Structure formats: C-alpha cells, structure tokens
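# Overview (structure and organization)
So the chains spell out like this:
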Amino acid sequence: MNPFKKLALSIAVTTTLVTFSAGSYAGETLDTAKVGLASQAQGLERVTQILVAPPFLPKHEQVAKGGSKIIAMTMEVVEKAMEISPGAFVQAMTFEGSNPGPMIVAHVGDYVELTLKNPKTNTLLHNIDFHAATGALGGGALTDVSPGEQVVLRFKATKAGVFVYHCAPGGVMIPFHIVSGMNGAIMILPREGLKDEKGQSVSYDKAYYIGEQDWYVPKDDYGKYKRYNSPAEGMADTLAVMRGLIPTHITFNGKVGALTGENAMTAKVGETVLFLHSEANRDTRIHLIGGHGDLVWPGGSFNDTPITNQETWSVLGGSAVAAMYTFKQPGSYAYVNHNLIEAVMLGALAHVSVEGKWNNDLMEQVSKPSPIK
C-alpha cells in the first residue's frame, strides 16, 4: 500500500475510534432529562466490592444478608499489549487489565454502582454495556468516557443470573473492542441463594469464572503474526481477519494455557464447584471431561429451573452460563470447548486439579495393558 494512503487510513481510523459514540449505535441521542420515577437507592447501605482477576470471584455472600444495598466498585480501562500464545501479540482493550474483565457479584434488589475510569494514557473512547441492566443500551449510552475521563453509572439488579458486559462504543467499534478483549461478566444471585431442580437450596464451596475469547490476529506475507503499537494501527488488518469469521486463537482467560499446569483451577473430592462461563461474541459448548453438569442454568438464568446431569452445555454468543458439579474422583480434569479442534488446536482448554482418594466403585482399571492373547 502507498505509504501516504496508509497514513491517511490510519488517521481516519483513529479519528473514527475516538469519535464513535453509543448514540450512533442507538441511532438517536438519548434523552434522560424526563425522569418519571426517582431512584430508590438513597439511604441504602453502601458496600465497596474489591474486584479480583479471573478465574476468581470477589468476596460475596451466597445468601443476601439484610435489605438491598448499593454495591460499589471501580474499574479502569487498560489498553495494553498481550501475548495470547507464544509469538502472538494483540493490542488488547481490557477492563482492569485482564481478559475477561473481573466478575462482579450482587443480589437481586441491590444497586450496582460502577465508577468507570479511562486514563489519559489510553488512546480511545470506551464505555460499558451491562446485559444485566435495563435501558440506555445497558448503560452504554450513559458511560462514554474519553481518555482522561471517568463516569459513574448505577443500575438496579432486577434479573437473577449471570450476564455478559462489554464495551460498545458504536458501529464497527463494538465487535472490534469485544474481540480485542473488552468484555466480562456479572452474577446477580437470588436473595435466597441458588436452588436445584426441586427448589431446594444449594451452595458452592468454590466458584470460578472462565471467559472464552476469540482472537483474530493478522499475519504478514511470511505467515508470521503481526505486532502493532496501538489498537488503531492494527485495526484495518484485524477487521479484515474478523470478516472471515475464523478466529486464529480461542482462549480461556486471555492466553492459551492460562488455566493449565500450575494455574489450573483446583478442588477436592466432595467439593461443589460453580463454573461461570461467558463468551461475548461466538457460540460455544462446554464439557468437563470425567465429570458432568450436575446443575446447569441455561442462559445463566437463576429464575429458571436448572437442568440436570448434562454432559455438555451451550453458551450462546453474548451470554454467560452457570454450571455446578460436585467432584467424586481425584485427578486432572480437562474443561474444554467441545469443538475439540478449537480446544486442542486453538487454545480453548483449561484444567481442574482435584485432590482426594480414588473410588474404585466408580471406576477402576481391572487389568493393566498387556499383549493381546
């Protein structure tokens, strides 16, 4: 490409990135001046939630104590280079520096109050769309922040379940930001906690959040992955790969192998684990090799009766799903996207390391391998 044309394209792309707004996504300017009902959040107890990097969840109660509260937290937008597999780098856009962004936890009836910061060292406009929220593009129309700005959004948690959140700055910038890593999830628990298919209360000993991410990394003429100095610089090439709808990498928690080996999720025989899985862009299907989904909440909806004894469960693009399993055998379990091409060859694979004593009644090796007689 002519270098002057390339420079002009880069300038145009950068201008578009900075000026796109959620209003262009909505197709009209949002008018919030006409208030029919005032917020009922005034006077409620405020609780500051300290967010943590996935796969872990912030400190929380499974059953709500007392009345509704304001659950307040701060998230900072971080634009940075990330190595998603050896030699493959992306100019990622993230919430709190991780892919996925941190899990937020509240209860139905609580008010989620987020302070979203876009440091002046960043280059692009950002916002946040909560699938758990009602109105204004999930908050996207009220949270546009340019570099050097911050905004505070508060919404009432009215739906119980696990929901995706993501950046949605308008037009083609929406998928570009999402596939650059800018998404996460929020769990809104029923005030009385989770219930099984019979309506009986259930609880978990541990909970893990796995964010599945599709990446589209451009290659040069020699088949090597390209590397860029900013999101805008790589945008045109990345969009070209995105149009093919074929990811170059699919990761759990931001990097191939991020949840394997020393970083594997852990449990003990007899422990019940809640797995929370999100995918902001593509459909996926999850399988715990050697285990099951004792309880699975399709679409992540805790108001609906969970289905039981699932071998594999679907997570639709733009959603999150909760699955619960009580481990019965020790060992290393593979937690995979059961398109095994995507799991083994592209990276959508994690491990759960489980400690305990083996139960021969459930499975045993009757005889070791030996020559065929």
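Residues numbered from 1 in each chain as written. Predicted model: local features only at pLDDT ≥ 70, side-chain atom pairs only at ≥ 80, totals over all residues. Heavy atoms only, no water.

Attention now moves to the overall build of the chain. A count of helical and extended segments in the chain gives five helices and 22 strands. Dimensions of the chain along its principal axes, counting C-alpha atoms only, are 75 × 60 × 30 Å. Out of the 373 residues belonging to the chain, those deemed buried represent 49%. Within the chain, residue pairs in contact and separated by at least 24 positions form 77% of the contacts whose partners lie at least 6 positions apart. For the chain, the computed accessible surface area is about 18,000 Å², with 53% contributed by carbon and sulfur atoms. Looking at charge distribution, the chain has the averaged site of its 30 positive side-chain charges lying 3 Å from that of its 34 negative ones. (Helix = DSSP H or I, 4+ residues; strand = E, 2+ residues; numbered from the N terminus. Buried < 20%, exposed > 50% of the residue type's maximum accessible area, 1.4 Å probe, protein only. Contact = heavy atoms within 4.5 Å. Areas by Shrake-Rupley, 256 points an atom, 1.4 Å probe, with all protein chains shown as cover. Lys, Arg positive; Asp, Glu negative; His and termini not counted. Charge placed at Lys NZ, Arg CZ, Asp CG, Glu CD.)

Our focus in this paragraph is the sheet that holds strand β8 (residues 161–166). With respect to topology, four strands assemble into an open sheet ordered β4-β9-β8-β6, the strand pairing being mixed. For this open sheet the edge positions go to β4 (104–107) and β6 (129–130), each flanked by a neighbour on one side alone. Note that β8 and strand β9 (residues 183–189) share six bridges and pair antiparallel. When the bridges of β9 are listed, Val 164 appears paired with Ala 185. (Pairing = 2+ DSSP bridges.)

Right, let's get into a nonpolar patch on the surface. Taken together, Leu 340, Ile 341, Val 344 and Met 345 make up a surface patch of nonpolar side chains, about 440 Å² in accessible area. With respect to the secondary-structure elements, Ile 341 resides in helix α5 (residues 340–346). For Ile 341, a relative accessible area of 55% corresponds to the exposed category. (Patch = residues over 30% accessible without salt bridge, like charges linked within 9 Å, V, L, I, M, F, W, Y side chains within 5 Å. Salt bridge = Lys/Arg side-chain N within 4 Å of Asp/Glu carboxyl O.)

Attention now moves to the pairing of strand β15 (residues 272–279). The side chains of a regular strand alternate, residue by residue, between the two faces of the sheet. The buried fraction of β15 is high, at eight of eight residues. Residues of β15 alternate between two faces, with Thr 272, Leu 274, Leu 276 and Ser 278 on one and Val 273, Phe 275, His 277 and Glu 279 on the opposite face, all of them buried. With seven bridges connecting them, strand β12 (residues 206–215) and β15 associate as parallel partners. Paired with Ala 207 across the two strands is Leu 274, which belongs to β15. The sheet contact formed by β15 and strand β20 (residues 319–326) spans eight bridges and is antiparallel. Looking at β20, one finds that His 277 is bridged to Val 321.

Moving on, we get to the pairing of strand β16 (residues 284–289). As judged from the four bridges shared by β16 and strand β19 (residues 312–315), these two strands associate in the antiparallel manner. Bridge assignment links Thr 284 to a residue of β19, and that residue is Val 315. Taken together, the four bridges between β16 and strand β21 (residues 331–337) define a ladder with antiparallel strand orientation. Across the sheet, the residue bridging to His 287 is Val 336, located in β21.

Two side chains of opposite charge can pair, provided their charged atoms sit close to one another. Scanning the model with the defined rule gives eight salt bridges in all. Put simply, Lys 226 and Asp 237 hold a salt bridge, and the shortest N to O gap is 3.2 Å. In this pair, Lys 226 sits in the loop between β12 and α4 (231–243) while Asp 237 sits in helix α4, placing the two residues 11 residues apart along the sequence. On the accessibility criterion, Lys 226 (28% relative accessible area) is partly exposed. One salt bridge in this structure joins Asp 294 and Lys 328, with 3.9 Å as the shortest N-O distance. Taken together, the positions of Asp 294 in strand β17 (residues 293–297) and Lys 328 in the loop between β20 and β21 put the pair 34 residues apart, joining distant regions of the chain.

The subject of this paragraph is the sheet that holds β12. Read from one edge of the open sheet, six strands run β13-β12-β15-β20-β17-β18, paired in mixed fashion. Strands at the two margins of the open sheet, each flanked by one partner only, are β13 (249–252) and β18 (307–310). Strand-to-strand twist in this sheet, taken as the mean axis angle between neighbours without regard to direction, amounts to 25°. (Axes fitted to C-alpha atoms, helices over the stretch in contact; angles between N-to-C directions.)

As a further point, take the packing of aromatic side chains. Going through the model one piece at a time under the given rule, you end up with 11 aromatic pairs. Taking the centre distance of 6.4 Å and the plane angle of 75° together, the rings of Phe 275 and Phe 327 count as edge-to-face. Of this pair, Phe 275 sits in strand β15 while Phe 327 is found in the loop between β20 and β21, placing the two residues 52 residues apart along the sequence. Residues Phe 275 and Phe 327 agree in their burial class; the two are buried. Ring pairs connect the aromatic residues Phe 56, Tyr 208, Phe 252, Phe 275, Tyr 325, Phe 327, Tyr 333 and Tyr 335, which therefore count as one cluster. Just above the ring of Phe 89 sits the side chain of Arg 227; from NZ or CZ to the centre is 3.6 Å. (Phe/Tyr/Trp six-rings, centres within 6.5 Å; stacked < 30°, edge-to-face > 60°. Lys NZ or Arg CZ within 6 Å of the ring centre and 35° of its normal.)

Per-residue confidence for the chain gives a mean pLDDT of 93; residues scoring 70 or more make up 91%. Long-range and interchain partners of residues 1–24, a stretch whose pLDDT sits below 50, account for 35 contacts in this model, where long-range means more than four residues apart. (pLDDT = per-residue confidence, 0-100.)

The next point concerns the side chain of Thr 272. For Thr 272, the location among the structural elements is in strand β15. We classify Thr 272 as buried; its relative accessible area is 11%. In terms of polar contacts, Thr 272 uses its side chain to reach the side chain of Thr 326, at 2.7 Å. Excluding its chain neighbours within four sequence positions, the residues that come into contact with Thr 272 are Ser 203, Tyr 204, Asp 205, Lys 206, Met 324, Tyr 325 and Thr 326. (Polar contact = N/O pair within 3.5 Å; in protein donor to acceptor, adjacent residues only side chain to side chain.)

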